[in-house]
Amino acid sequence: MKRIHYESWIAEVLLFFSTCETITVGPLVFTKLKESEVPQQVRNHECTHIRQWTETTMLTGLLLLVAVLACGVSAWWFLAVPLVYYLWYGMEYLVRLCILRDGKRAYRAISFEQEAYEHEMDADYNENANYFAWVKYLR
């Protein structure tokens, strides 16, 4: 199981204006709740986001490495690699918000969220999932 930080002040700060109680930041999960209060489905959901972030970050880093070696792109761009998942997430949310005109529906329509919600009841999903499974939810 990935590392979950319970009763986290980071969750309190990041989720101050939100009704959510748990958030994934990169490979870490922060929650306002005690360990005994976090249901397994929330753990599964957040671990799916960790896998998505890892896949996106590794692919972006690999593509950037090729660009650095082949085209002389500045290696400083590697500092942005961990943010690509969040840039994609935000852009997808904005596109879906423009189409659906409803923030809640736009959030649930994000490909990362669709995959996480669909498989949050399956404790073995992340071990058996295909790489980049969230891509199929883009349509």
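Scroll up for the structure.
All values derive from a computational prediction rather than experimental measurement.

What the rule picks out here adds up to nine aromatic pairs. Between Phe-16 and Phe-17, the ring centres sit 4.8 Å apart and the planes meet at 85°, which makes this aromatic pair edge-to-face. Pair check on accessibility: Phe-16 and Phe-17 agree, each one exposed. Summarising the aromatic geometry, the rings of Trp-88 and Trp-134 are spaced 5.6 Å apart at their centres and angled 70° between planes, so their arrangement reads as edge-to-face. Taken as a pair, Trp-88 in helix α3 (residues 84–100) and Trp-134 in the segment after α6 (125–128) lie far apart in primary sequence, 46 residues in all. Its end group placed over the ring of Tyr-117, Arg-108 keeps NZ or CZ at 3.6 Å from the ring centre.

Backbone-to-backbone hydrogen bonds join strands into a sheet, with any given pair of strands oriented parallel or antiparallel. Taken together, the three strands give an open sheet; going across it, the order is β1-β3-β2, and neighbouring strands pair in mixed fashion. Bordering the open sheet on either side are β1 (4–5) and β2 (22–25), each of which pairs with just one other strand. Strand direction decides the pairing type here: β1 and strand β3 (residues 28–31), joined by two bridges, are parallel. Paired with Ile-4 across the two strands is Val-29, which belongs to β3. Across the sheet, helix α2 (residues 40–71) touches β1, β2 and β3, and the angle it forms with β2 is around 20°.

We now examine the pattern of salt bridges. Side-chain pairing between opposite charges can occur once the charged atoms of the two side chains come close. Across all of its chains, the model carries three salt bridges by this definition. Across the pair Arg-51 and Glu-55 runs a salt bridge whose closest N-O atoms are separated by 3.0 Å. Here the residue Arg-51 and the residue Glu-55 both occupy positions in helix α2, the gap between them amounting to four residues, near one helical turn. Residue class for Glu-55 comes out buried when judged on its relative accessible area of 9%. As a salt-bridge pair, Glu-115 and Arg-51 come within 2.3 Å of each other at their nearest N and O atoms.

Compared with an ideal rise of 1.5 Å per residue, which puts 32 residues at 46 Å, α2 spans 46 Å between its outermost C-alpha atoms and is within 8% of the ideal. Where α2 terminates, the next one or two residues include Gly-72, which has phi positive at roughly 75°.

Right, let's get into the environment of Glu-37. For Glu-37, the position within the fold is in the loop between β3 and α2. With 31 residues separating them along the chain, Glu-37 and Tyr-6 place their C-alpha atoms 9.5 Å apart.

What follows covers the pairing of β3. Both β2 and β3 contribute to a ladder of four bridges, which runs antiparallel. Bridge pairing in β3 links Thr-22 to Thr-31.

Let us look at the environment of Phe-112. Here Phe-112 shows up in helix α5 (residues 111–118). In this structure Phe-112 touches His-49, Gln-52, Thr-56, Tyr-85, Trp-88, Tyr-89 and Trp-134, once residues within four positions along its chain are discounted.

What you tend to see is this: most non-glycine residues have negative phi, and most peptide bonds are trans. Its identity as a non-glycine residue notwithstanding, Glu-7 has a phi of 50°, on the positive side. On the basis of relative accessible area, Glu-7 is assigned to the exposed category, the value being 54%. At Phe-132, a position not held by glycine, the phi torsion is positive, near 55°. Locating Phe-132 in the fold gives a position in the segment after α6. A relative accessible area of 27% means that Phe-132 is categorised as partly exposed.

Reading the values: the criteria
Residues numbered from 1 in each chain as written. Predicted model: local features only at pLDDT ≥ 70, side-chain atom pairs only at ≥ 80, totals over all residues. Heavy atoms only, no water. Phe/Tyr/Trp six-rings, centres within 6.5 Å; stacked < 30°, edge-to-face > 60°. Buried < 20%, exposed > 50% of the residue type's maximum accessible area, 1.4 Å probe, protein only. Helix = DSSP H or I, 4+ residues; strand = E, 2+ residues; numbered from the N terminus. Lys NZ or Arg CZ within 6 Å of the ring centre and 35° of its normal. Pairing = 2+ DSSP bridges. Contact = heavy atoms within 4.5 Å. Axes fitted to C-alpha atoms, helices over the stretch in contact; angles between N-to-C directions. Salt bridge = Lys/Arg side-chain N within 4 Å of Asp/Glu carboxyl O. Expected span 1.5 Å × (residues − 1).

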